[in-house]
Each structure stands twice: as C-alpha cells, then as structure tokens.
Amino acid sequence: VSLAPVSPGEPVYSTKWTLADSHRYKLQLEDRDGRRNKLTANLSVNVTKNQPPKIAMSQPGHDVRVSPVEELRLNAQMSDDFGLLRHGVNYSIAGQEPKEIVLGADGMPTAKKALLDQLIDFEAIHAEPDQLVSYFVWAEDSGPDGQPRRTEGDIYFAEVRHFEEIFRQGEQPPSGSAQEMEGQQGNAQQAEQLAELQKELINATWKVIRRETGAIPTDKLVSDAKLLQETQETVIRQAQEFEEKLQDNTSRLNLGAAVGFMTEAAKRLGEVAQSNTTTALKPAMASEQAAYQALLKLRAREFEVIRSNSR
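Please read all numbers here as calculations on a predicted model, not as lab measurements.

Enquirer: So what exactly am I meant to see when it comes to the overall build of the chain here?
Expert: If you tally the helices and strands in the chain, you get 4 helices and 13 strands. Out of the 311 residues belonging to the chain, those deemed buried represent 36%. For the chain, long-range pairs separated by at least 24 residues make up 70% of all intrachain contacts whose partners lie at least 6 apart in sequence. Taken as a whole, the chain presents about 19200 Å² of accessible surface, with 49% of it coming from carbon and sulfur.

In structure tokens:
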C-alpha cells in the first residue's frame, strides 16, 4: 500500500483503503539514497464484522386464537451493531397477498436499538372465522456492500375463531351411539394432529427461507428441500388415509382442499431441490399455509359434528 504526500514540502503522507478484514501492517520509509528505516512501526487494524440485526419477540411470542373483531398487540425489540434503517411487520391471510407495515422509513441509520409496538386489527383486514393469519417482524440495516439488508424474525400464527363459541355440558350418549361418538371424537383429534404436523412443516420451511438470503444458495438447500418435500408427502398420505374415516361431506371437501394445497407445496419443494434455487420456496410456503387453513376448517367442522350429534 503506497503512501502519498498530503502537500508538497510537508513530511506528511497518507493513504486510504476499505477495511474489509483484519490485518497487520509494517510501516517502511525510504529516502533518496535508498536507505530504509531501521526501526519499523507496526500497525494492527482489527475490523469488526457488520452483523445482521437481532430481533426478539416479546408479545405475544407464541401462536394465538383471535376473534374476527380483535386487535392483537405486537411488541418486539430490535438491535443492530451499527444502526437500524427500517423495521416493520409483515402479515398475510392464507391464500392472499402479504401486507407490509413499514416503520422508521427515513432510509438513514438510526439508533442501535428500537422497540416495535404495533396492532393488527382483524376487523380492519376483514378476517373471517377459520382463517389463518401469519405474521413476522423484520428489521433492516446497512450490509457490508452498503445496501439495505433485511433480517426476518420467527413466524407466528393467529387462528381466527368464531366470534361466539358456546360450550355446553354434554349428556351421556345412549349406549348404542357411544361407539359412534368415540369415532367422531377420534376424527376431530386426528384432524388436529394433521394441522399440527402441517404447522411444523411451515415453520421448517420458514427457517430455510430465512437462511437462504444470499445470492448463492447454501450447500444445505437441496437436502433440506428434499426433506421438506418428503415430510409434505408423508402428511399427504396420512390425510388420504384419514379421508376414508370421514362421513361428513363438508369435512371431506375441506380435507380434499387441504390435500390439493399440500400436493402443490410438495411440487414446489421438488422444484427447489431439482434446480437448487430458492425461487419456489415462498410459493411452496404459501401453499403449505393454505393447506393448514383448510385443516383448521376441517378440525372446526369435526368438532361441530360432535356438538351437533351430542345434542
């Protein structure tokens, strides 16, 4: 690295370069006769890596069930080593385009810490019973290349329940219908188990999406996409076996819709594994969420069948 005189006749020299990595330098001087300094000056430059923002969700911090007219308060703490550019919330109803709420949008680094306090008004977004609303918090800082870099937090789910849920004490069913009631309760429980498996798959897919933010996919993308595809296909087989036990037409329609979305998700995950690109990851997750919403409707319908028959 050459040094250049700052001004003619002055014994002051300087240089500049981008500090990308830590290095140790040795200063060497040479006069007109080619003589160098006997005692060299050493310079150590330690570069602190530009870390992505950190996000900690404090409220609610878990999946919730809400009514169609409820307001859900979200609280999160965000921090960055050099300063935040923007932060906000993304939310979406399964099967619809996601919405983004942007906060701190001046485009300049602000404080190193920020608190998010935001409401999701389910009445304003026209949420309906048995729908699934997913949301996550994000924060942006300036990356090593000087461009905005986004970090996304964990994804959470809000299941929209009916505005009024009435629970009555059930009467002992007649002896002849006890076996039938037991089968109906088993159907509702199995529907709930299928929904739980599908939700775990969504969370696993989201972790891959959050990891694959670089221009070049990681070495794990293909194997993870294959594993996600195999998991989705396993859930499809369980759903098809479960379909044989259903007698209610509405339940069968809900399960059929869920299987259709699952099949589309498995296809998209297969495309990710085959092409080693992330293009189909988010469409795959959208189909997974739509399948989960259909399973929630199936679960709600099966419990409704139990209540109806127990009367």
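Enquirer: Honestly, the packing of helix α2 (residues 221–243) against helix α3 (residues 249–275) in this entry has me stumped. Any pointers?
Expert: When two helices pack together, their arrangement is given by the angle between their axes and by how far apart the axes lie. Closest axis-to-axis distance for the α2/α3 pair is 9 Å, and the angle between their directions is 160°. Taken together, the axis directions place α2 and α3 in an arrangement best described as roughly antiparallel. The crossing of α2 and α3 is left-handed. Taken together, the residues of the contact of α2 with α3 break down into 16 nonpolar, 5 polar and 4 charged.

Enquirer: Help me out: how do you make sense of the sheet that holds strand β5 (residues 54–59) in this one?
Expert: Either a parallel or an antiparallel arrangement is found when strands of a sheet pair, and the pairing is made through backbone hydrogen bonds. The 3 strands lie next to each other as β5-β7-β10, forming an open sheet whose pairing is antiparallel. Each having just a single partner strand, β5 and β10 (113–121) make up the two edges of the open sheet. Going from strand to strand, the sheet's axes swing by 25° on average, the running direction of each strand aside. Strand direction decides the pairing type here: strand β7 (residues 71–79) and β10, joined by 9 bridges, are antiparallel. Counted as the bridge partner of L72 is I120 from β10.

Enquirer: I keep staring at the pairing of strand β13 (residues 156–160) and nothing clicks. Help me out?
Expert: Successive side chains on a regular strand alternate, one facing one side of the sheet and the next facing the other. In terms of burial, β13 is largely enclosed, as 5 of its 5 residues are buried. Here β13 shows a buried face lined by Y156, A158 and V160 and a second buried face lined by F157 and E159. Judged from the 3 bridges that link them, strand β6 (residues 64–66) and β13 form a sheet pairing that is parallel. Its bridge partner lying in β13, V64 is registered against A158. By the bridge criterion, 4 bridges tie strand β11 (residues 132–142) to β13 in an arrangement that is antiparallel.

Enquirer: Looking at this structure, how should I read α2?
Expert: The terminal C-alpha atoms of α2 lie 33 Å apart, and with 23 residues this matches the ideal 33 Å at 1.5 Å per residue to within 8%. Where α2 is concerned, the buried positions are L221, A225, L228, Q232, V235, I236, A239 and F242.

Enquirer: I keep staring at the confidence of the model for the chain and nothing clicks. Help me out?
Expert: Keep in mind that low pLDDT regions are not for reading the predicted coordinates in detail. In the predicted model, the chain carries a mean pLDDT of 85, and 88% of its residues have values of at least 70. Predicted confidence in the chain is weakest over helix α1 (residues 178–211), with a mean pLDDT of 80, and strongest over α2, with 94. Across residues 166–170, confidence stays below pLDDT 50; counting only partners more than four residues off in sequence or on other chains, it has 2 contacts.

Enquirer: What's the story with the environment of I202 in this structure? I'm lost.
Expert: Locating I202 in the fold gives a position in helix α1. Put simply, I202 and Q289 are 87 residues apart on the chain and 6.9 Å apart in space, counted from C-alpha to C-alpha. Setting aside residues no more than four positions away along its own chain, I202 makes contact with F157, M285, E288, Q289 and Y292.

Rules of the game
- Residues numbered from 1 in each chain as written.
- Predicted model: local features only at pLDDT ≥ 70, side-chain atom pairs only at ≥ 80, totals over all residues.
- Heavy atoms only, no water.
- Helix = DSSP H or I, 4+ residues; strand = E, 2+ residues; numbered from the N terminus.
- Buried < 20%, exposed > 50% of the residue type's maximum accessible area, 1.4 Å probe, protein only.
- Contact = heavy atoms within 4.5 Å.
- Areas by Shrake-Rupley, 256 points an atom, 1.4 Å probe, with all protein chains shown as cover.
- Axes fitted to C-alpha atoms, helices over the stretch in contact; angles between N-to-C directions.
- Parallel < 35°, antiparallel > 145°, perpendicular 65-115°, else oblique.
- Left-handed = near helix turned anticlockwise from the far one by under 90°.
- Nonpolar A, V, L, I, M, F, W, Y, C, P; charged D, E, K, R; others polar.
- Pairing = 2+ DSSP bridges.
- Expected span 1.5 Å × (residues − 1).
- pLDDT = per-residue confidence, 0-100.

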